[in-house]
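This is what each chain is made of:
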Amino acid sequence: MSEVVYDKSRLRRARIAVAAVFCVHGAVTGSFATRVPWIQEHASVSAGMLGLALAFPAIGASVAMPLASRISHRFGARNALRGLLALWTLSLILPSLAPNLLTLCAALFVYGATSGMSDVAMNALGVETETRMEKSIMSGLHGMWSVGALIGSAAGTVAAHLGSDARLHHALAAAALTALGLAACQGVLDLQATPEEEVPPRFSLPPKSALLIGAVGFCAVFAEGASLDWSAVYLRDVLDSSAGVAAASTTGFTLTMAVARLAGDAVVNRFGAVRTVRVGGVLAALGGLLVVLASHPVMAMGGFALLGLGIAVVVPLAFAAAGRSGPNPSQAIAGVATITYTSGLIAPSAIGTLADATSLVTSFGLVTLLAFGLAVFAGVLRTDGRKAARPQSPRPTEETSR
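Figured I'd write up the structure that's included with this text. (Residues numbered from 1 in each chain as written. Predicted model: local features only at pLDDT ≥ 70, side-chain atom pairs only at ≥ 80, totals over all residues. Heavy atoms only, no water.)

1. Some thoughts on the overall build of the protein
Next up, step 1: If you tally the helices and strands in the protein, you get 17 helices and zero strands.
Next up, step 2: Across the 402 residues that make up the protein, the buried fraction comes to 52%.
Next up, step 3: Considering only contacts within the protein whose residues lie at least 6 apart along the sequence, 86% involve residues at least 24 apart.
Next up, step 4: With an accessible surface of roughly 16,800 Å², the protein has 67% of that area assigned to carbon and sulfur atoms. (Helix = DSSP H or I, 4+ residues; strand = E, 2+ residues; numbered from the N terminus. Buried < 20%, exposed > 50% of the residue type's maximum accessible area, 1.4 Å probe, protein only. Contact = heavy atoms within 4.5 Å. Areas by Shrake-Rupley, 256 points an atom, 1.4 Å probe, with all protein chains shown as cover.)

2. Focus on the packing of helix α16 (residues 329-357) against helix α17 (residues 360-377)
Next up, step 1: Relative orientation of the contacting elements α16 and α17 amounts to 135°, with a least axis distance of 7 Å. Regarding the angle of α16 to α17, the classification is oblique. Taken as a pair, α16 and α17 cross one another with a handedness that is right-handed. Only Leu360, Thr362, Ser363, Leu366 and Val367 of α17 make contact with α16, whose side of the interface consists of Ile351, Leu354 and Ala355.
Next up, step 2: Counted by class, the contact of α16 with α17 contains six nonpolar, two polar and no charged residues. (Axes fitted to C-alpha atoms, helices over the stretch in contact; angles between N-to-C directions. Parallel < 35°, antiparallel > 145°, perpendicular 65-115°, else oblique. Left-handed = near helix turned anticlockwise from the far one by under 90°. Nonpolar A, V, L, I, M, F, W, Y, C, P; charged D, E, K, R; others polar.)

3. Some thoughts on the pattern of salt bridges
Next up, step 1: Scanning the entire structure with this criterion turns up four salt bridges.
Next up, step 2: In this structure, the salt-bridge partner of Arg132 is Glu128, at a minimum N-O distance of 2.6 Å. Remark: Glu128 and Arg132 occur in helix α8 (residues 101-133); sequence separation between them is four residues, near one turn of the helix. (Salt bridge = Lys/Arg side-chain N within 4 Å of Asp/Glu carboxyl O.)

4. A word on a positive patch on the surface
Next up, step 1: A cluster of basic residues, Lys8, Arg12, Arg13 and Lys135, forms a positive patch at the surface.
Next up, step 2: Within the secondary structure, Arg13 sits in helix α1 (residues 8-33). (Patch = residues over 30% accessible without salt bridge, like charges linked within 9 Å, V, L, I, M, F, W, Y side chains within 5 Å. Lys, Arg positive; Asp, Glu negative; His and termini not counted. Charge placed at Lys NZ, Arg CZ, Asp CG, Glu CD.)

5. Quick word on the environment of Glu41
Next up, step 1: The residue Glu41 is located in helix α2 (residues 36-43) in this model.
Next up, step 2: As for Glu41 and Ser96, which are separated by 55 residues in sequence, their C-alpha atoms are 10.0 Å apart.

6. Regarding the packing of α1 against α8
Next up, step 1: For the pair α1 and α8, interaxial distance at closest approach is 10 Å and the crossing angle is 160°. Overall, the two elements α1 and α8 adopt an arrangement that is roughly antiparallel. Like other packed secondary-structure pairs, α1 and α8 cross with a definite hand, here left-handed. Within the contact between the two elements, α1 uses Leu11, Arg12, Ala14, Arg15, Val18, Val21, Phe22, His25, Val28, Thr29 and Phe32 and α8 uses Leu108, Tyr111, Ser115, Ser118, Asp119, Met122, Asn123, Leu125, Gly126, Thr129, Arg132 and Met133.
Next up, step 2: When its residues are assigned to classes, the contact of α1 with α8 shows twelve nonpolar, seven polar and four charged.

Geometry only, nothing functional implied.
Listed below in structure tokens is the structure:
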């Protein structure tokens with residue numbers, strides 16, 4: 001991408017703009033998740049068929065994400081994000097229109113594909129903004145995604161409580177979020193490919209620079225997916241908790257992650273990405289150990305909260321490290337995103353399969369082991385571009401460079 005020099009006030013505006021983009025992206029996910037029961041009933045699919053259909057967003061994302069870097073190269077980072085984010089917000093309309101399993105799978109494939117491509121584009125711009133500001137902002141950006149998801153889910157909960165038709169709800173939400181997304185995109189960095197820059201391939205395997213970084217992200221997302229989908233079941237089945245207490249464990253895990261991400265940049269700027277992830281891995285492993293050894297629901301809830309705290313900043317830092325690990329940030333981020341999406345896809349079923357063969361306690365023993373892997377392999381997040389995580393001497397601004 002071209003090296004345009006921005007002054008500090010312009011970079012601050014760009015940071016706010018890309019944070020708003022993350023919030024809009026999360027709001028789409030929250031809006032969809034709350035209306036899944038309505039969509040299931042409208043499409044007349046069983047629980048098993050719904051489980052099959054819900055695999056298609058991850059499949060669509062994994063297939064389409066490598067295209068994002070080529071689109072950004074062709075149209076420029078801002079225009080690419082503007083178009084891809086609009087496609088994502090508008091795709092919210094599709095699942096509620098599906099009358100059967102086949103059309104629902106197709107709708108969710110498109111929903112996932114547009115999600116994945118816009119995810120790569122906004123993370124690439126987030127990494128570039130972070131690099132130019134020379135301080136960590138990625139954790140806060142992902143925290144804003146969580147805020148958006150909470151806002152979207154809150155609005156969806158109200159709509160469901162009022163008995164609103166999801167087709168109308170999602171049409172109105174898509175229109176509002178598309179307008180907000182387009183407005184936010186006006187403020188992000190406008191980066192263009194240089195003439196000598198190589199055109200990214202349409203499809204490619206993750207670059208080597210992204211594999212080890214992606215493995216760290218895989219561990220974190222596996223623990224996240226396992227905790228989100230199985231924490232309530234664990235408290236109910238293993239510790240004989242009430243439905244309310246079991247649900248509270250999932251809520252606590254989610255809130256811990258959101259708060260930790262919003263506060264994470266200050267920690268990363270103070271201690272650096274590697275040390276932060278190393279300590280986070282230890283905390284997450286201790287949390288997993290608490291879950292495995294729990295004899296009382298409160299002990300398990302504390303364990304899940306520690307898991308959320310420990311893994312919260314790993315994925316944002318993995319994206320940041322990928323974006324600084326090679327000459328093409330979008331391609332490297334797409335590689336890491338593909339690996340992490342795959343982890344999120346297989347984690348819930350892997351936990352269930354292992355639980356059927358052994359027990360849920362054994363399954364969370366695996367989660368604990370993977371969490372400890374974060375502490376062991378955190379060093380792969382140290383790249384030549386790590387200035388963004390530990391500020392060094394300032395770059396020249398637009399004024400001082402003249």
